[in-house]
Amino acid sequence: MQREVLDPAGTEVDFLPLLGTDHIEFYVGNAKQSAYYYQMAWGYELIAYAGPETGVRDRASYVLKQGKITLILTTAIKPDSEIAEHVKAHGDGVKFLSLWVDDARSAFEETTKRGAKPYMEPTVFQDENGEVVVSAIHTYGETIHKFVERKNYSGPFLPGYVKPWNALEVTPVGLKHVDHCVGNVELGMMNEWVKFYEEVMGFQLLLTFDDKDISTEYSALMSKVVSNGNGYVKFPINEPADGRKKSQIEEYIEFYRGAGVQHIAVATDDILHTVAELRKRGVEFLYVPDNYYEDVLDRVGDIHEDLQELKKLNILIDRDDEGYLLQLFTKPVEDRPTVFYEIIQRCGAKSFGKGNFKALFESIEREQERRGNL
Ligand code: FE2
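The model shown is predicted, which means the values in this text are computed figures rather than measured ones.

Novice: Mind laying out the coordination of the iron ion, listing which residues take part and the relevant values?
Specialist: Each protein donor to the iron ion is listed here as His180 (NE2), His263 (NE2) and Glu342 (OE); together their distances run 2.0 to 2.2 Å. Counting the intervening residues between successive donors of the iron ion yields the motif H-x82-H-x78-E. Separated by 162 residues along the polypeptide, His180 in strand β10 (residues 175–184) and Glu342 in strand β17 (residues 340–347) bring together distant segments of the chain. Per residue, the accessibility class of His180 equals that of Glu342, and both read buried.

Novice: Pulling in residues and values, what's your account of the packing of aromatic side chains?
Specialist: This structure, assessed with the given rule, holds 20 aromatic pairs. Residues Tyr38 and Tyr341 carry aromatic rings whose centres are separated by 6.2 Å and whose planes lie at 75 degrees to one another, so their mutual orientation is edge-to-face. Taken together, the residues Tyr38 in helix α1 (residues 31–40) and Tyr341 in strand β17 connect sequence positions 303 residues apart. Neither residue differs from the other here; Tyr38 and Tyr341 are each classed as buried. Where Trp42 meets Tyr341, the ring centres are 4.9 Å apart and the plane angle is 50 degrees; that geometry is what we call tilted. Here Tyr341 lies in strand β17 and Trp42 lies in the loop between α1 and β3 (45–50), a separation of 299 residues in the sequence. Exposure class is identical for Trp42 and Tyr341. Each is buried. Above the ring of Phe96, the side-chain terminus of Lys146 is found at 4.1 Å from the ring centroid.

Novice: So, helix α6 (residues 271–280): which residues are in play, and what are the values?
Specialist: Buried within α6 we find Ile271, Thr274, Val275, Glu277 and Leu278. All buried residues of α6 project into a common sector of 160 degrees when viewed along the axis, lining one side. Elements in contact with the buried residues of α6: β10, β14 (260–268), α8 (307–313), β16 (323–329) and β17. Once α6 ends, the next one or two residues include Gly282, with phi positive near 100 degrees.

Definitions and cut-offs
Residues numbered from 1 in each chain as written. Predicted model: local features only at pLDDT ≥ 70, side-chain atom pairs only at ≥ 80, totals over all residues. Heavy atoms only, no water. Donors = N, O, S within 2.8 Å, 3.2 Å for Na, K, Ca; no water. Helix = DSSP H or I, 4+ residues; strand = E, 2+ residues; numbered from the N terminus. Buried < 20%, exposed > 50% of the residue type's maximum accessible area, 1.4 Å probe, protein only. Phe/Tyr/Trp six-rings, centres within 6.5 Å; stacked < 30°, edge-to-face > 60°. Lys NZ or Arg CZ within 6 Å of the ring centre and 35° of its normal. Arc of directions from axis to C-beta. Contact = heavy atoms within 4.5 Å.

Okay, structure coming up:
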């Protein structure tokens, strides 16, 4: 593992200042039913809606919020649409990783002049609550980064969206914000995309994991983590490495039909509560073998939480120079073995759980084997 600081004095001007993740939009097969899952199982509140009832003819979109996390679930309501095509190719998946900016025009100009492929020129959307400027560029696969400038807007979400009339009463599980979003890219493409984030978006390389860090008997992967200047936006990029059998990244790419978002890590301040609630409501997590807990404290040292409680909920523990972290991964949240979530609680640690990779990947491989994909 290697850690690099490219601009330790912070002397370079950030040409793409980001305020954080604005929202993550999925294209899904049935947004109405997915919205029910995110409300009832995950405790997201339905805050806005756009669809036929609001004059949108080709789609329906449900906007869900918990803490600072905003998800949009969008579905096609006609067969001849790019949404339907996306779902046909990829299954339910992330279309937009949208970033919150102060100036969407400048974000578009600065990134496209450095080589970003434009998706949408800066466009102003208005309603009685003000205006939002949105622009967008392509990233890996069919995934898009939108830049959303909303400083002159006070509505529920974006112009065109209304307050929903059918929101369920929900109980949040304590999710606070997006910690990081991971992309899987094709073999040999990781460094290309790291270069894209460095050169086109001004990100810095934080960490590198090679196949010696992340390998099991069967499969391996390589990963590099890039971060924007203030660290609010972190994108690990994975590619498969040679193993005896098919790696989890290859399985993803086969079923997603290309590169795309692999997992979204959401932060909590109380992982014991969050995971207990999610399990109770039917969210499925990866299984961690009991023997993981036998020597884990030798590796990570003292922690505040009770080890038996962590073991009961199958929560993983790791430590770096700055502290420790607790994390756990769901199984894929759709029938294709593609997108999943990570629940993470950081107690000082700024890393990504490298010490857990082996235990974790063995668990992932057990699931792959059950699906007949190993
Ligand atoms: Fe992660």
